[in-house]
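Per-entry structural report
The chain contents come next:
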Amino acid sequence: MNLSLETVLPAFSLMLILLGLWGVATRKNLIKIFISLSIAETGVNLLYISMTGFVHGKVPILADPTVTSGYVDPLPHAMILTSIVIGTAVTALGLALTARYHERTGTLNVTKMKELKN
Amino acid sequence: MHPVLFIAVPLLAAFLAGPLSQIARKGWLPSIILVIAAIAAGSMLPSVLVQPINETVVIAAPLGINLYAGPAAILLILVTSIFGILLTGSKELRDHFEKSTPSTVLALLHFAGIFGIFLSGDLFNIFVFLEIAALSAYAMTAFSDTTASLEGAIKYLLAGSIASIFLLIGIAVIYLHTGTLNLAELSSTMPMVPAAAKAVIISAILLALAIETELFPLNLWVPDVYEGSGSALSGLFSAMTIKATLYLLFRVITLFGVDQSIIDLLIGAGLLTMIVGELGALRQTNAVRMLAYSSVAQAGLIVAGFFAGAHSAAIVAMIAHSAVKAGLFLIIALAGLSGSVASLTGIGLKNKFVGVTATVLILSLLGLPPFIGFAGKLLILQGLNSSVGIGAVILVLVASLVEAWYLLKLVSLIWKTESTVEFSFKPIHTVILILPLILVIAGGVYPKAILSLTDKVANDLVDIQSYRTNVLGGSATIESTDLNGGTQ
Amino acid sequence: MSSKLGKKRLFISPMHLLWAIVFGGLFFAILPAISGHESIRSERVGESLLVQAPAQSGAPNAVTAVVVWFRGLDTLGEVSVLFLVAAALGMILGRGKNSTEPESKPNEIVAHAKTLVLPHFMLTGLYITIHGHLTPGGGFQGGVMAAGMALLLILAGDRVKHLHALHFLEGLVGSLYALVAISGIWFAGSFLGNLIPIKTEAFGTLFSAGIIPVLYIFIGIKVGTEIISIYDNFQRREEA
């Protein structure tokens, strides 16, 4: 089996995503859940990087406008930039809500969220 | 008229929310922006029905982002903004907007996100707008700063974040295998994607959209969010937000040309959602929560109807549902009640107009003639009968019986004599209820007028070929440009 | 299972194991779909954009050209997301009083080092922002550096004094960004169109990439102010 970075990175990023989702599914503490979400988001970002084929290509900053081959695909980089910012935003909002929730109820445990139920 | 202004103007208004809310006092700013959007959409609709507008942002379609203003997008923008005005203009929400600028910002960005979902023709761009709409919805849920609303917001945020992770995985796999993010181009390249990858793409995207469109079994968070956020916001989510995600589901799944088995799965999920929703609503004592379950059920019916081939009927049902839920949630908000079903007792005798409106809206929700809901439900049943069989029809009818049970109980409560609570309706506040009332009655009496419009709209959603031609230009045949690389 | 040991174990309940099996199965289901590099388009959209970037945008850094210009609508949306969250945090954390004790005195070393580090931080952030189209930098990175500076000051015990100025700048730059983008519709052919001519002969110099550096400066200021205001909201929370 060929263990180059190119083949390992997708598997590694997928592992991070699923590990994060596993954390979201099983953890009870809200802070830990947000940490897990961040892990999953990092995995997604790595997945986008792994698509660019960066092992063979150069950084897409052109020295000469006429030579445009041999560089990596810039679009996934642009998408990651967006998804990083959105991930940060989600984490910040989630933590703020958690802070306020903790202040009101004194708990961080999701299983104790019983204010709303059938 | 440039479709991008639907997105850019609310964004600009949000950035300028501080100074602008000095001019548009008392929290009217979001309503004003929605009025502008509704007028713009209304004036664009006749021309768009003939020739859809495709706007290029910076670079032409397969390479850059395009905004596609077809009949479906513009009609739904019109409908959602009209019923959005009802709710943003309600006292409950305007109080929030007046108290703090941030809440105005959140509402405006929510509208920008929703209009972006309707218009955008690029998958990643749609993700961005979906996130704008979702993040603002999470924060809006926490408007009232009660434990319940914070809990609802946290649950909403967790569900939405998982949806966005799956959507991002789907987009990554799509880009890896097709090399494009443009929906029109994807409609021709998706059939060539290897089966294994296609399965991952479809399941990831369906999972994400099923969470967003509140399909069973991924909708457990919905009633909590609605109950936590209060009646006016629930109305806003019901009338605007779900409509955008439903449109997205229909658009994406139609363009991707999925297998019949996936379509069957979606119909089944829709029917199940309806039954579970109606059964859930049956045992509620909180009116907002009851209507939330009913919204879930209606979304399920619309999804089942659309994928069973009753496209036009599904659009009618979407419009009818927006009108009905905007009206009903507004009535609860106007009454300023605790939200329990019992507290609605005698509301119709206090104010006849409100009582009649509520009754008409509820009967339309049930699908009784002569109201608009009847046309939608009947046509959906016909579609289900011809493509799935009589079993599906019976399921929907059983669910409707359950629905009739709790909704008719509600009607009888509204007209009950012994009133327990004092209501203080200001007549001026109830005037706006005339909008959904007129639509529901007019659409029921002249269904032909609405149906001729929705037929064109539905055609815009399902006619993939003309979507491609409109977005990518008519001259180049798509297959050849795809395979030779899009460098021209 | 004894409680002391049980707390440290990963699989406390059978549900955890069940989820682990589910996600393990997903791993092997998804993995084949994400390895491999063949796309149906002979040239991916990003690669086509790379070819067009120098001539059309004048920016040597193709990622910048894509982020700020070709997919500028995404970036406008992304800046709005930051704005949204800053506003939401102001709303959520701004209400109610909090009983948390004020934190201990700031670290001596941080308090003294701040004057030494500050100018370098600012200058680097500025450089990174305005050279976004030439070097692997840009408004996001530069803006975050500026925000890092603010974080350092907060750690050193300083507080944002002119909150109104911060919010004013936030709104001003955001609306300028949106206005420039909208005016492109009429003056440059499309939303976010290029209002400033590109100098292809000066490729690779500071004033060559048309509107991109201008937009990136807006993005830089916007990102910086939003992140400072997010920090500030959390900080106020702790001390109120």
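Residues numbered from 1 in each chain as written. Chains lettered and ligands numbered in written order. Predicted model: local features only at pLDDT ≥ 70, side-chain atom pairs only at ≥ 80, totals over all residues. Heavy atoms only, no water.

1. A short note on the interface of chain B and chain C
The partner chain C presents 48 residues to the 56 residues of chain B that form the contact. Together chain B and chain C conceal approximately 4,700 Å² of surface at their shared face, both sides included; 72% is due to carbon and sulfur atoms. One salt bridge in this structure joins Asp122(B) and Arg71(C), with 2.6 Å as the shortest N-O distance. Inspection of the chain B/chain C interface yields six residue pairs in polar contact (both at pLDDT 80 or more). The greatest single-element share of the side of chain B that touches chain C, amounting to eight residues, is contributed by helix 7 (residues 123-141) of chain B. Here the residues of the side of chain B that touches chain C are counted per class, giving 37 nonpolar, 15 polar and four charged. (Contact = heavy atoms within 4.5 Å. Buried area = accessible area lost by both parts, 1.4 Å probe. Salt bridge = Lys/Arg side-chain N within 4 Å of Asp/Glu carboxyl O. Polar contact = N/O pair within 3.5 Å; in protein donor to acceptor, adjacent residues only side chain to side chain. Helix = DSSP H or I, 4+ residues; strand = E, 2+ residues; numbered from the N terminus. Nonpolar A, V, L, I, M, F, W, Y, C, P; charged D, E, K, R; others polar.)

2. Remarks on the interface of chain A and chain B
Each partner contributes residues to the interface: chain A has 36 residues there, and chain B has 38 residues. Both sides together, the interface formed by chain A and chain B hides about 3,200 Å², and carbon and sulfur atoms give 78% of it. On the surface where chain A and chain B come into contact, there are two salt bridges. Across the pair Arg104(A) and Asp145(B) runs a salt bridge, and its minimum N-O distance is 3.8 Å. Taken together, the elements giving at least two residues each to the side of chain A that touches chain B come down to helix 1 (5-26), helix 2 (30-51) and helix 3 (74-105) of chain A. Among the elements that make up the side of chain A that touches chain B, the one with the highest residue count is helix 3 of chain A (16 residues). Classifying every residue of the side of chain A that touches chain B by side-chain character gives 23 nonpolar, six polar and seven charged.

3. Things to note about the confidence of the model for chain B
Per-chain confidence: chain B averages 86 in pLDDT, with 95% of residues scoring 70 or above. Low confidence marks residues 475-488 of chain B, where pLDDT is under 50. Its contacts with residues over four positions away, or in another chain, come to 25 contacts. (pLDDT = per-residue confidence, 0-100.)

4. Remarks on the nonpolar core
Among the nonpolar cores identified, the biggest contains 303 residues, and Tyr48(A), Leu93(A), Phe6(B), Phe250(B), Phe256(B), Phe307(B) and Phe191(C) are the most heavily contacted of them. The contact partners of Phe191(C), leaving out residues within four places of it in the chain, are Val4(B), Ala8(B), Val57(B), Val58(B), Leu73(C), Leu76(C), Ala181(C), Ile182(C) and Ile185(C). (Core = buried A, V, L, I, M, F, W, Y, C linked by side-chain atoms within 4.5 Å. Buried < 20%, exposed > 50% of the residue type's maximum accessible area, 1.4 Å probe, protein only.)

5. Remarks on the packing of helix 13 (residues 260-282) of chain B against helix 14 (residues 287-307) of chain B
Residue and element names in this part refer to chain B. Running from N to C, helix 13 and helix 14 cross one another at 160 degrees; their axes reach a closest spacing of 7 Å. Relative to helix 14, the element helix 13 lies roughly antiparallel. Seen along the crossing, helix 13 lies across helix 14 with a hand that is left-handed. Residues Ile263, Leu266, Ile267, Gly270, Leu271, Thr273, Met274, Gly277, Glu278, Gly280 and Ala281 of helix 13 pack against Met290, Tyr293, Ser294, Val296, Ala297, Gln298, Gly300, Leu301, Val303, Ala304 and Phe307 of helix 14. (Axes fitted to C-alpha atoms, helices over the stretch in contact; angles between N-to-C directions. Parallel < 35°, antiparallel > 145°, perpendicular 65-115°, else oblique. Left-handed = near helix turned anticlockwise from the far one by under 90°.)

6. Some words on the pattern of salt bridges
Counted by the stated rule, this structure contains 14 salt bridges over all chains. Taking the shortest distance from any N to any O, the salt bridge between Arg100(A) and Glu103(A) comes out at 2.5 Å. Taken as a pair, Arg100(A) and Glu103(A) lie in helix 3 at a separation of three residues, close to a single helical turn. The network of salt bridges with shared partners includes Glu151(B), Lys155(B), Asp224(B), Glu227(B) and Arg289(B).

7. Things to note about the environment of Val9(B)
All names here are of chain B. Positionally, valine 9 belongs in helix 1 (residues 4-15). Taking relative accessible area as the criterion, valine 9 reaches 31% and is therefore assigned partly exposed. With 24 residues separating them along the chain, valine 9 and isoleucine 33 place their C-alpha atoms 8.1 Å apart.

8. Regarding the packing of helix 1 of chain B against helix 8 (residues 163-187) of chain C
Closest axis-to-axis distance for the helix 1 of chain B/helix 8 of chain C pair is 8 Å, and the angle between their directions is 155 degrees. In terms of orientation, helix 1 of chain B lies roughly antiparallel with respect to helix 8 of chain C. Handedness of the crossing formed by helix 1 of chain B with helix 8 of chain C: left-handed. Contacts between helix 1 of chain B and helix 8 of chain C involve Val4(B), Leu5(B), Ala8(B), Leu12(B) and Phe15(B) from the first element and Gly171(C), Gly174(C), Ser175(C), Ala178(C), Leu179(C), Ile182(C), Ile185(C) and Trp186(C) from the second. Partitioning the contact of helix 1 of chain B with helix 8 of chain C into residue classes produces 10 nonpolar, three polar and no charged.

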